[in-house]
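Each chain is listed here by its residues.
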Amino acid sequence: MKTRYIKPLTTKPRSFWLLFSLSAFIAVGILVFRYPQINSAAVALLLLAAVTLLIIGIKQTQDPEVSFTLTFMHLQFHSPSGGWLARWSNIAEIGPATVGYQGWYQPIPWVGVRLKEYDEFLESICPRIASKILMEQRALLIMAYRRAEHPPHHIEDMLFDDRHFITRSGKPLKGLLAMLANRMKYNRELLGYDFFISEDLLDRPTDDFVGLTRRYLAAR
């Protein structure tokens, strides 16, 4: 299988942001030069706004254009904060995420990933990405909890479970990585998958992305 790069459809206009922020910064400089009698407080506010825009513009240009890389060996996520990596040989299932209620299953705009074991995946994640996953995907667990007829745990226990997690290799995890590992167990109980990929990060509908990844899984 050839290497593929997934670029989100919601990619921000990087060059526009940078040019706009630079133009604002230059405009403030010209304004101050031509009208030196302008109130100093107003000048300070204008400069602060221009610098803020400039920082935003620079940050936008630093964001990676690619959100996912698919190779014959692995699926990798990219972001300014870091990323994660899962080898196809360690992925048990990839499928469209759903939430069940009284026998009915409602599709949601996420792709679910279930792993064979957590060790390698957790070792590829930095604490910032672990925190991002915990924050962004907690709504899915809450949704599944509210629709479950007999939830196995209290929602507070699942959301904030920071007990030490022992990997299959015997390595103890604590802090954010332990919380993520525990959250993945609860996700699997209520949603069938360990973690999820938002459709906002994809360049195609979730079903098409699932079909693509399953071809890589079948070819491993």
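Details of the structure are given in the entry above.
The paragraphs below set out a description of the structure included in this document. (Residues numbered from 1 in each chain as written. Predicted model: local features only at pLDDT ≥ 70, side-chain atom pairs only at ≥ 80, totals over all residues. Heavy atoms only, no water.)

1. So, helix α8 (residues 206–219)
Compared with the 20 Å implied by 1.5 Å per residue over 14 residues, the 20 Å span of α8 between its first and last C-alpha is a close match. Those residues of α8 lying buried are Thr-206, Phe-209, Val-210, Leu-212, Thr-213, Tyr-216 and Leu-217. Looking straight down α8, one finds that the buried residues subtend no more than 165 degrees of arc, so they occupy a single side. The exposed residues of α8 that point more than 90 degrees off its buried face are Asp-207 and Ala-218. (Helix = DSSP H or I, 4+ residues; strand = E, 2+ residues; numbered from the N terminus. Expected span 1.5 Å × (residues − 1). Buried < 20%, exposed > 50% of the residue type's maximum accessible area, 1.4 Å probe, protein only. Arc of directions from axis to C-beta.)

2. Side note on the side chain of Thr-213
Position of Thr-213 among the secondary structure elements: in helix α8. A polar atom in the side chain of Thr-213 sits 2.9 Å from the backbone oxygen of Val-210. Contacts of Thr-213, omitting those with residues within four sequence positions, involve Leu-70, Trp-88 and Ile-94. (Polar contact = N/O pair within 3.5 Å; in protein donor to acceptor, adjacent residues only side chain to side chain. Contact = heavy atoms within 4.5 Å.)

3. Quick notes on the packing of helix α5 (residues 138–147) against helix α7 (residues 175–191)
At their nearest, the axes of α5 and α7 sit 10 Å apart, and the two run at 40 degrees to each other. If you check the angle between α5 and α7, you find them oblique. Note on packing geometry: the crossing formed by α5 with α7 is left-handed. From α5, Arg-138, Leu-140, Leu-141, Ala-144 and Tyr-145 reach across to α7, where they touch Arg-183, Tyr-186, Asn-187, Leu-190 and Leu-191. A class-by-class count of the residues in the contact of α5 with α7 yields seven nonpolar, one polar and two charged. (Axes fitted to C-alpha atoms, helices over the stretch in contact; angles between N-to-C directions. Parallel < 35°, antiparallel > 145°, perpendicular 65-115°, else oblique. Left-handed = near helix turned anticlockwise from the far one by under 90°. Nonpolar A, V, L, I, M, F, W, Y, C, P; charged D, E, K, R; others polar.)

4. Details of the pairing of strand β9 (residues 195–198)
Residues Phe-195 and Ile-197 point to one face of β9 and Phe-196 and Ser-198 to the other, with burial holding for every one of them. In this sheet, β9 lies alongside strand β6 (residues 104–115) in antiparallel orientation, the contact comprising four bridges. Its bridge partner being in β9, Gly-112 is matched across the sheet by Phe-196. (Pairing = 2+ DSSP bridges.)

5. Remarks on the sheet that holds strand β5 (residues 91–101)
The three strands are arranged β5-β6-β9 in an open sheet whose pairing can be described as antiparallel. Of all the strands in the sheet, the pair left with one neighbour each is β5 and β9. Strand after strand, the sheet turns through a mean of 45 degrees between neighbouring axes, direction not considered. Judged from the nine bridges that link them, β5 and β6 form a sheet pairing that is antiparallel. Within β6, the residue paired with Ile-94 across the bridge is Val-113. In the packing of α5 onto the sheet, contacts are made with β5, β6 and β9, and the angle to β5 comes to roughly 50 degrees.

6. Quick notes on the environment of Pro-107
Among the secondary structure elements, Pro-107 is positioned in strand β6. Its relative accessible area of 60% is what places Pro-107 among the exposed residues. Between the alpha carbons of Pro-107 and Ala-97 there is a distance of 6.1 Å; along the sequence they are ten residues apart. Those residues in contact with Pro-107, other than ones at most four positions away along the chain, are Ala-97 and Thr-98.

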